[in-house]
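Descriptive structure summary
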Amino acid sequence: MDEIFEKVQSVVDRYEEVSEMISDPEVIADTKRFLALSKEEGSLRETVETFKHYKQVVVGIEENEEILREEANDSELEELAKEELKDLRVEKEALEDQIKILLLPKDPNDDKNIIMEIHGAAGGDEGALFAADLYDMYVRYAEKQGWQVEIIDENKTEIGGYKEIVLMITGNNVYSKLKFENGAHRVQRVPETESAGRVHTSTATVGVMPEYEDVDIEIADKDLRVDVYRSSGAGGQHINKTSSAVRMTHLPTGIVVAMQDQRSQQQNRAKAMEILKARVYDYYASQNEAEYAEQRKTAVGTGDRSERIRTYNYPQNRVTDHRIGLSLNKLDRIMNGELSDVIDALLIADQTAKLEALKQG
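Residues numbered from 1 in each chain as written. Predicted model: local features only at pLDDT ≥ 70, side-chain atom pairs only at ≥ 80, totals over all residues. Heavy atoms only, no water.

**Describing the pairing of strand S8 (residues 255–259)**
Rules: Burial classes follow relative accessibility: with a 1.4 Å probe on protein chains only, a residue under 20% of its type's maximum area counts as buried, one over 50% as exposed, and anything between as partly exposed. A run of DSSP states H or I qualifies as a helix once it reaches four residues; a run of E qualifies as a strand once it reaches two. Both are numbered from the N-terminal end. Being paired, for any two strands, means DSSP has found at least two bridges between them.
Alternating positions in S8 separate cleanly, Ile-255, Val-257 and Met-259 being buried on one face and Val-256 and Ala-258 remaining unburied on the opposite face. One ladder, built from five bridges, connects strand S7 (residues 245–250) with S8; its direction is antiparallel. Looking at the pairing, Arg-247 lines up with Ala-258 of S8.

Right, here's the structure in full:
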């Protein structure tokens, strides 16, 4: 653990340095710097507090070991010391594991908001209906987390499903909890239109991308094609009579953003540009087209039945996440937004894999 303690001490030193800096009047006057340092302090606090508690536990172990060495004639005190020592040693081991996890490399996107894309895939109308069910599930989960959900774009089917729906989800640590939702989600159930009662298999795909705030990227006019057209969505006569919908294409990358949810063309342009910048930034952050394409393939997939991360089996009220072999017989509650058991299990599996890699490295 010596190497671990050295890393923790460097975190403690940085925390103390940052804490001192944010009390400096010059830093307070620089809003951008103050906010950045405050955010850094917040990200380090849990590690520092856990380490302080760990050191208190170590002191407690040493004190009880000393009692056992020196108070051999006091059986009652000796028994108390043994009991406390047992508990403290268990706590020490748990804190060591917690500190190791806290020191794992952080995903720089974990505290970001997200753009989520849900597409109806295999299964036609049933796939589109399942996309709508997934949308409802994520909205309910977001409500339980205290997050905000905004529909950026949607393409509804006549029977109430979604060919595509794009969301912006904002709040605390949204990406850290939803990043593992990337992939093809498979549903097995009897469609309402199925008269013979046969179970059908359909899929919808989910893509999760972090929102890049203050994106440092300029999109040149020559690299952008903008098409305007009449909205096909709801919104009354005003929207349908005017060409308020906007489709932006970034020519070098082929990335397309369509926006028709806002009331005016100007609002749709602004929103479309915001999303386009995030997607183009994400593209170039991946450094090359091949890597980007592979990431998107891994993240969203084709929606083929065989390419799945999770299965929702309605007849058996069961949800199975195939990546970690987790099966829970409470599909009804999960579809109602109670996703925490699944998400927590995925986070633990990810942390465990990283710890194993750390040990082997």
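**Considerations on helix H3 (residues 31–70)**
Our working definition: Multiply 1.5 Å by the residue count of a helix minus one, and that product is the helix's expected span. The bend at a residue is defined as the angle formed between two axes, one fitted to the seven residues ending at that residue and one fitted to the seven starting there.
Between its first and last C-alpha atoms H3 spans 57 Å; for 40 residues at 1.5 Å apiece the expected length is 58 Å, and the two agree. Within H3, the axis deviates most sharply at Leu-44, by approximately 35°. Among the residues of H3, Leu-37, Glu-41, Leu-44, Thr-47, Val-48, Thr-50, Phe-51, Tyr-54, Val-57, Gly-60, Ile-61 and Asn-64 are the ones counted as buried.

**Some words on unusual backbone geometry**
Positive phi is not limited to glycine here, since Asn-173 has a value of about 55°. Among the structural elements, Asn-173 can be located in the loop between strand S3 (162–170) and helix H6 (174–178). Residue classification places Asn-173 among the partly exposed positions, given a relative accessible area of 38%.

**Points about the nonpolar core**
Let me state the cut-off plainly: Throughout this description, the term nonpolar core refers to a set of buried Ala, Val, Leu, Ile, Met, Phe, Trp, Tyr and Cys residues connected via side-chain atoms within 4.5 Å. Any two residues having at least one pair of non-hydrogen atoms within 4.5 Å are treated as being in contact.
Among the nonpolar cores identified, the biggest contains 37 residues, and Met-116, Ile-118, Leu-134, Tyr-138, Ile-169, Leu-178 and Tyr-312 are the most heavily contacted of them. The set of elements that each furnish at least two residues to this core consists of strand S1 (114–120), helix H5 (125–145), S3, H6, strand S5 (200–210), helix H10 (331–335) and helix H11 (340–360). Residues in contact with Leu-178, not counting those within four places in the same chain, are Ile-114, Met-116, Tyr-138, Tyr-141, Trp-147, Ile-169, Val-208 and Ile-343.

**Details of the packing of aromatic side chains**
The geometry of two aromatic rings is summed up by the distance between their centres and the angle between their planes. The condition that has to hold: Any two rings among Phe, Tyr and Trp, with Trp reduced to its six-membered ring, count as a pair given centres within 6.5 Å; such a pair is stacked if its planes are under 30 degrees apart, edge-to-face if over 60, and tilted if neither. Only Lys NZ and Arg CZ are tested; either one counts as a charge over a ring when it is within 6 Å of the ring centre and within 35 degrees of the ring normal.
Scanning the model with the defined rule gives four aromatic pairs in all. On the basis of an interplanar angle of 10° and a centroid distance of 6.4 Å, the ring pair of Phe-51 and Tyr-54 is categorised as stacked. Here Phe-51 pairs with Tyr-54, and both are found in helix H3, just three residues apart, close to one helical turn. Residue class for Tyr-54 comes out buried when judged on its relative accessible area of 5%. Consider the rings of Phe-130 and Tyr-312, whose centres lie 5.2 Å apart with planes at 65°: the pair is edge-to-face. Of this pair, Phe-130 sits in helix H5 while Tyr-312 is found in strand S9 (residues 310–313), placing the two residues 182 residues apart along the sequence. Comparing Phe-130 with Tyr-312, the two get one shared label, buried. Against the face of Tyr-314 rests Arg-189, its NZ or CZ located 4.9 Å from the ring centre.

**A short note on the sheet that holds strand S11 (residues 326–328)**
Quick reminder of the rule: To obtain an axis, a line is fitted to C-alpha atoms, over the contacting stretch when the element is a helix, and the angle between two such axes runs from 0 to 180 degrees between their N-to-C directions.
Strand order in the open sheet made by the eight strands is S2-S3-S1-S5-S4-S9-S10-S11, with mixed pairing throughout. Among the strands making up the open sheet, the edge pair consists of strand S2 (148–156) and S11. Averaged over all adjacent pairs, the angle separating strand axes in this sheet is 15°, with direction ignored. Bridge count for S9 against strand S10 (residues 318–321) is four bridges, and the pairing is antiparallel. The residue bridging Tyr-312 from the neighbouring strand is Val-319, located in S10. Across the sheet, H5 lies against S1, S2, S3, strand S4 (183–189), S5 and S9, angled at about 45° from S5, the strand it touches most.

**Brief notes about the sheet that holds strand S6 (residues 224–229)**
Consider a sheet: its strands pair through backbone hydrogen bonds, and that pairing is either parallel or antiparallel. In spatial order, the strands read S6-S7-S8; together these three strands make up an open sheet with antiparallel pairing. Each edge of the open sheet is held by one strand with a lone partner, namely S6 and S8. Averaged over all adjacent pairs, the angle separating strand axes in this sheet is 15°, with direction ignored.

**Things to note about the side chain of Glu-41**
In plain terms, the rule: Polar contact is the term for a pair of N or O atoms within 3.5 Å; when the atoms are in protein, one must be able to donate a hydrogen and the other to accept it, and sequence-neighboring residues count only if both atoms are side-chain atoms.
Among the secondary structure elements, Glu-41 is positioned in helix H3. Side-chain polar atoms of Glu-41 contact the side chain of Ser-19, separated by 3.1 Å. Not counting chain neighbours up to four residues away, the residues in contact with Glu-41 comprise Tyr-15, Val-18, Ser-19 and Ile-22.

**Some remarks on the pairing of S7**
Taken residue by residue, a regular strand's side chains alternate between the two faces of the sheet. Among the six residues in S7, five count as buried, and that is most of the element. Here S6 runs beside S7; their pairing, made up of six bridges, is antiparallel. Looking at S7, one finds that Leu-224 is bridged to His-250. Between S7 and the antiparallel strand that follows it, S8, lie four residues; Gly-254 among them carries a positive phi value of about 80°.

**Looking at the pattern of salt bridges**
Here is the rule: A pairing counts as a salt bridge when a side-chain nitrogen of Lys or Arg comes within 4 Å of a carboxyl oxygen of Asp or Glu.
A full pass over the atoms with the stated rule returns 16 salt bridges. We note a salt bridge from Arg-189 to Asp-133, for which the minimum N-O separation is 2.7 Å. Linking Arg-189 in strand S4 with Asp-133 in helix H5, this pair joins segments that are 56 residues apart in sequence. Under the relative-accessibility criterion, Arg-189 is labelled buried at 11%. With relative accessibility at 23%, the residue Asp-133 sits in the partly exposed group.

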